[in-house]
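This is what each chain is made of:
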Amino acid sequence: MMFIILDKNPHIAAWEMPTKIKFKQLIELGQLICSAGISDVYKKIPQGKKLQEWIIKNPTYTLRYYEALYSFCTMDINMSVQTERKILQIHNDLHKYEQNHKYRLIRPKTAIFRYAKEYKSIYPTDSELTIENAIKAYEEYMEWKNYDKK
């Protein structure tokens, strides 16, 4: 599971996500939100525990990023009604969670850097980095994956 953060601003981060993986990122983020116990739309999975913990601590950023990804996907992808309902239910559950959360930090100070085992990095996978270092690490990772921004 991945939660790729390419900017401190969640809207810019979603914009910077390569078009061809925006939908995949939206679905994986939905899975992580469910696995974190915020929604029960999808079955919980054991992967990405550090990402799930980060989501619980940063619901405002996660919500805004999820909304921005969804907005892009509605313009580019013909989603089934069932998929769209699931995405919207996860959104509603995350919104409720975020409203009850005491801290509404929209620009987080850290992010979890997680990557495929084939990738080589100075950071171990699942490292919590400063937001600046995480963004740089994810930019390099995206370049390694050969993802263009368009």
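In this text the structure is predicted, and so the values were computed from the model without any measurement.

### Topic: the side chain of Gln 52
So, point 1. Residue position: Gln 52 is located in helix α3 (residues 49-57).
So, point 2. Only 2.9 Å separates the side chain of Gln 52 from the backbone oxygen of Gln 47, close enough to count as a polar contact.
So, point 3. In this view, Gln 52 contacts Leu 32, Ser 35, Ala 36, Ile 45, Pro 46 and Gln 47; residues no more than four positions away in its chain are not counted.

### What about the nonpolar core?
So, point 1. Residues Phe 3 and Tyr 65 are the most contacted members of the largest nonpolar core, which totals 46 residues.
So, point 2. Contributing elements (two or more residues each) for this core: α1 (10-16), α2 (19-35), α3, α4 (59-76), α5 (81-100), β1 (110-113) and α6 (131-144).
So, point 3. Broken down by element, this core gets its largest block of residues, nine residues, from α4.
So, point 4. In contact with Tyr 65, not counting residues within four places along its chain, are Phe 3, Ile 4, Pro 10, Ala 13, Ala 14, Met 17, Gln 25 and Leu 29.

Cut-off values and rules
Residues numbered from 1 in each chain as written. Predicted model: local features only at pLDDT ≥ 70, side-chain atom pairs only at ≥ 80, totals over all residues. Heavy atoms only, no water. Helix = DSSP H or I, 4+ residues; strand = E, 2+ residues; numbered from the N terminus. Polar contact = N/O pair within 3.5 Å; in protein donor to acceptor, adjacent residues only side chain to side chain. Contact = heavy atoms within 4.5 Å. Core = buried A, V, L, I, M, F, W, Y, C linked by side-chain atoms within 4.5 Å. Buried < 20%, exposed > 50% of the residue type's maximum accessible area, 1.4 Å probe, protein only.

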